[in-house]
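A closer look at the structure
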Amino acid sequence: MKKELENLLTHQEFLVGGKLNKNRLAELARTYNPTLLNVLMSDDNISQHFFSKLENDVLVFKKDTFLQFLNNKEFLPDSFTAYKTKIGLATESQYLLENKNVVLNFPYKDCVLEGGQNKEDAKRQEIFFNETLAPTEINRLLDDKVLTNFKRFDENGEHKLENLSDTDNLIIKGNNLIALHSLKKRFASKVKLIYIDPPYNTGNDSFNYNDNFNHSTWLTFMKNRLEVARELLSADGMIFVQTDDTEHAYLRVLMDEIFEKKYLNTVVIKSKASSGASGGGEDKRLKKNTEFILVYANNEAQIKIQQKPFPLVDYITERKESGRTFAYTNVLVNSGELVKIGETVDGRGDVIELFNVRGYETKSVKKIMKEENISEEEVYKKYLDRIYTTENAQTSIRDRVRDAVDDNGYTIARYRPVSGKNRGKLIDVGFIGTTKRLVSFLKETTFIDEGVVYKTEKAGTLWEDISWSSIKNEGGVTLDNGKKPEKLLQRIIASATEENDIVLDFFGGSGSTAATAHKMGRQYISIEQMDYIEDKIVERLNNVIKGDATGISKDVEWKGGGSFVYAELKNDAQDFKNTIINVTTTEELLELFELAKESSFLSYRVDPKKLKKDEFETLSLAEQKQVLSDIIDNNNLYVNYSDIDDGDYHISEYDKRLNHQFYQGGQ
């Protein structure tokens with residue numbers, strides 16, 4: 001039928017440049033062009049496919065059916081159509097013009113971008129691997145890679161690694177795309193939280209990444225990494241991606257496609273005061289003082305709502321100025337006698353103990369202020385653990401207690417979870433008054449720090465309470481404009497994880513995520529390719545182990561301890577490149593020339609048969625070094641785990657044993 005239709009449509013009005021053109025046919029079909037319809041109706045077989053017959057032999061053109069047929073790749077497969085398909089302007093069955101879905105399409109979308117991110121190639125052009133051009137190169141690029149230079153760091157310093165544990169914290173040096181694929185066998189579906197702070201594509205990030213990508217290459221760079229990151233997330237895992245407004249809108253659409261129907265929230269962070277924000281003084285642009293975090297969660301994930309603190313006095317003043325009242329106005333001056341009546345079990349199996357209170361006495365805050373001649377703030381500070389509200393309880397725990405308690409006059413309930421971090425602990429829920437409403441105490445939402453009472457409320461999607469002013473020296477390392485506050489990471493980690501859960505950051509930067517996770521008792525994996533990994537992440541984590549007092553250390557009462565394992569992706573060609581730099585004679589370079597022709601790291605774009613020794617000898621020493629450097633494929637520098645026993649790579653038995661532990665659990 002395809003050939004039959006093609007012959008039928010050979011009509012001057014349907015041709016472009018003397019050839020039948022799909023786009024021209026599609027335009028005519030959408031406008032119900034009489035010439036096109038008459039031609040289609042002229043053949044009975046074709047007419048049956050693209051027209052419906054009504055009474056009195058009236059034919060109705062099935063436009064959508066015809067357009068879908070036009071978009072079949074086998075019908076009129078001209079070079080223009082092939083090009084549109086190649087660059088991503090088509091789905092499997094239809095062009096975007098007929099596609100009702102919102103999809104972010106961009107050149108190179110179906111390619112793999114390794115991305116240069118170290119000093120030697122920071123300025124080189126990025127190389128794309130397209131599966132239709134070099135499938136074997138892509139497969140080798142993303143295969144498991146050999147790790148080397150293993151070290152363990154703990155309270156006693158740096159040591160040779162003897163064995164890998166399933167619970168070891170990992171710091172990996174190497175390209176993050178390669179490293180992520182190498183993590184899949186060990187960590188697929190096991191990571192509870194991924195937080196990344198990637199290059200923002202601003203052209204002036206403090207990171208030495210190639211960050212001045214255009215939109216398309218930056219999105220390709222991110223897409224490749226987010227797709228494999230998705231495979232590492234557990235069923236109850238979450239991913240937080242931080243960015244600014246340069247690529248935020250593009251990234252949101254890209255992540256909607258990769259993490260389909262998993263979008264949770266966009267958090268807006270106040271990163272600095274507007275007076276000190278970046279941006280021109282008199283130009284058209286507003287000063288930039290916010291960043292964004294895109295939050296996506298797998299189906300079984302449950303975000304734990306975090307609290308943000310601010311001075312209680314400010315909170316009370318703000319409520320009064322807005323015409324609202326402060327709920328906590330009563331004080332339990334005599335707690336009376338607590339008598340257990342019995343216990344019950346709620347629908348989840350958690351135990352709720354029930355009590356009566358006899359002989360308790362209450363007073364209002366205003367009465368205490370008058371009797372003791374003290375200010376309202378001083379009352380709250382003095383009676384913090386006794387002030388309560390008669391407002392309806394809102395938390396899920398209190399709702400569950402209320403559902404489990406009947407009308408037998410119980411006045412106190414205690415909740416004892418059977419699972420989670422509070423397993424077996426008794427939690428005071430509050431009074432059940434004559435109105436059968438649970439009562440909450442002020443102490444549950446406040447704390448005192450250096451004589452100041454702080455009130456907490458649930459954090460929403462605007463986080464303006466975290467200070468960035470003192471982060472420069474957090475952890476004892478600096479990274480201009482690249483660091484994030486530990487308090488920010490603390491909120492994120494606490495929102496998505498429990499102790500011992502795995503946290504992954506594959507843009508390690510200055511190590512803020514790893515340091516915060518270490519102090520919070522989480523297992524972590526951090527990946528960084530830049531050479532500063534030793535000066536930033538490793539040094540910072542060593543400071544943490546020694547008892548670093550900055551960041552969140554005071555909040556979590558951090559005293560030091562713990563350990564982490566450092567390893568590097570084994571770079572096949574690095575020694576070769578170093579040798580090129582150091583040689584001083586043509587004779588030495590000729591030996592390297594012959595070695596390169598037979599090497600595993602020769603670029604697939606280079607034809608070894610055309611590497612002629614006599615032609616190479618005619619070049620100057622500098623030109624010879626340049627040629628040898630250029631024929632190395634920077635996207636295939638790493639050694640595949642499948643080649644670990646190949647003697648050409650000179651991998652030690654020690655490294656082999658640890659790699660087997662990493663990939664096979666010690667087998």
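Our structure is the block above this text.
Keep in mind the model is a prediction, meaning the values are calculated, not measured.

What counts and how
- Residues numbered from 1 in each chain as written.
- Predicted model: local features only at pLDDT ≥ 70, side-chain atom pairs only at ≥ 80, totals over all residues.
- Heavy atoms only, no water.
- Helix = DSSP H or I, 4+ residues; strand = E, 2+ residues; numbered from the N terminus.
- Buried < 20%, exposed > 50% of the residue type's maximum accessible area, 1.4 Å probe, protein only.
- Contact = heavy atoms within 4.5 Å.
- Areas by Shrake-Rupley, 256 points an atom, 1.4 Å probe, with all protein chains shown as cover.
- Pairing = 2+ DSSP bridges.
- Axes fitted to C-alpha atoms, helices over the stretch in contact; angles between N-to-C directions.
- Core = buried A, V, L, I, M, F, W, Y, C linked by side-chain atoms within 4.5 Å.
- Polar contact = N/O pair within 3.5 Å; in protein donor to acceptor, adjacent residues only side chain to side chain.
- Phe/Tyr/Trp six-rings, centres within 6.5 Å; stacked < 30°, edge-to-face > 60°.
- Lys NZ or Arg CZ within 6 Å of the ring centre and 35° of its normal.
- Parallel < 35°, antiparallel > 145°, perpendicular 65-115°, else oblique.
- Nonpolar A, V, L, I, M, F, W, Y, C, P; charged D, E, K, R; others polar.

**Some thoughts on the overall build of the protein chain**
Secondary structure assignment for the protein chain yields 23 helices and 28 strands. Relative to its full complement of 667 residues, the protein chain shows a buried share of 49%. At a minimum sequence separation of 6, the contacts of the protein chain that also span at least 24 residues come to 70%. For the protein chain, the accessible area works out to roughly 33,700 Å², and carbon and sulfur atoms hold 46% of it.

**As for helix H16 (residues 512-519)**
In terms of burial, H16 is a largely internal element, eight of the eight residues being buried. Those residues of H16 that fall on the buried side of the exposure criterion are Ser512, Thr513, Ala514, Ala515, Thr516, Ala517, His518 and Lys519. Once H16 finishes, Gly521 follows within two positions and takes phi at roughly 75°, a positive value.

**Here's the deal with the sheet that holds strand S8 (residues 157-160)**
Taking strand neighbours across the sheet as the criterion, the 11 strands line up as S8-S7-S28-S9-S27-S26-S10-S11-S13-S12-S25 in an open arrangement whose pairing is mixed. Every other strand in the sheet has two partners, leaving S8 and strand S25 (462-463) as the edge strands with one partner each. Taken strand by strand, helix H9 (residues 215-232) contacts strand S10 (191-196), strand S11 (233-243) and strand S26 (502-505), and its axis lies near 150° from that of S11. Sheet strands in contact with helix H23 (residues 653-664) are strand S7 (147-154), S8 and strand S9 (170-173), and its direction is about 80° off that of S7.

**Considerations on the nonpolar core**
Counting residues in each nonpolar core, the largest one holds 59 residues, and the members touching the most others are Leu183, Leu226 and Leu504. Per-element accounting of this core gives the leading share, eight residues, to H9.

**Observations concerning the sheet that holds strand S14 (residues 307-311)**
Spatially, three strands are ordered S14-S24-S23 in an open sheet, and the strand pairing comes out antiparallel. Of all strands in the sheet, those bounded by a partner on one side alone are S14 and strand S23 (446-449). Put simply, the sheet's adjacent strands are angled 35° from each other on average, direction ignored. Sitting on the sheet, helix H11 (residues 312-321) touches S14 and strand S24 (452-458), and the angle it makes with S14 is about 85°.

**Some remarks on the environment of Phe310**
Take Phe310: it is sitting in strand S14. Separated by 155 residues in sequence, Phe310 and Asp465 have C-alpha atoms that sit 7.7 Å apart. Here Phe310 is in contact with Tyr315, Val453, Tyr454, Lys455 and Glu457, once residues within four sequence places are set aside.

**Some remarks on the pairing of S7**
Within S7, six of the eight residues are buried, which leaves the element mostly enclosed by the surrounding structure. Sheet topology places S7 next to strand S28 (residues 564-569); five bridges connect them, and they run antiparallel. Residue Arg152 lies in a different strand from S28, and its bridge partner there is Val565.

**Some remarks on unusual backbone geometry**
For Tyr32, which is not glycine, the phi dihedral falls at a positive 50°. Along the chain, Tyr32 turns up in the loop between helix H2 (22-30) and helix H3 (34-41). Although it is not a glycine, Asn500 adopts a positive phi angle of roughly 75°. Asn500 gets classed as exposed once you look at its relative accessible area, which sits at 61%.

**A few points about the side chain of Asp168**
You can see Asp168 is positioned in the loop between S8 and S9. Classification of Asp168 by relative accessible area gives buried; the value is 9%. For Asp168, the side chain forms a polar contact with the side chain of Arg152, separated by 2.9 Å. Here the side chain of Asp168 touches Ser165 through a polar contact of 2.7 Å, landing on its backbone nitrogen. Ignoring any residue separated from it by four or fewer positions in sequence, one finds Asp168 in contact with Arg152, Asn163, Gln523, Tyr524 and Val565.

**Regarding the packing of aromatic side chains**
Within this structure, the stated rule accounts for 17 aromatic pairs. Their ring planes at 10° and their centres at 4.8 Å tell us that Phe153 and Phe564 sit as a pair that is stacked. Within this pair, whereas Phe153 is found in strand S7, its partner Phe564 is found in strand S28, the two being separated by 411 residues in sequence. Both residues of the pair, Phe153 and Phe564, count as buried. One Lys or Arg, Lys160, reaches over the ring of Tyr654 and ends 4.6 Å from the middle of that ring. Its end group placed over the ring of Trp463, Arg491 keeps NZ or CZ at 5.1 Å from the ring centre.

**Structural notes on the packing of helix H8 (residues 176-187) against H23**
Pairs of packed helices are described in terms of their axes, by the angle between the two and the distance that separates them. Contact geometry for H8 and H23: axes closest at 7 Å, N-to-C directions at 65°. Taken together, the axes of H8 and H23 are roughly perpendicular relative to one another. Residues Ser182, Leu183, Lys185, Arg186 and Phe187 of H8 touch H23, and the partners they reach there are Gln661, Phe662 and Tyr663. Here the contact of H8 with H23 is built from residues that sort into four nonpolar, two polar and two charged.

Purely geometric numbers; function is a separate question.
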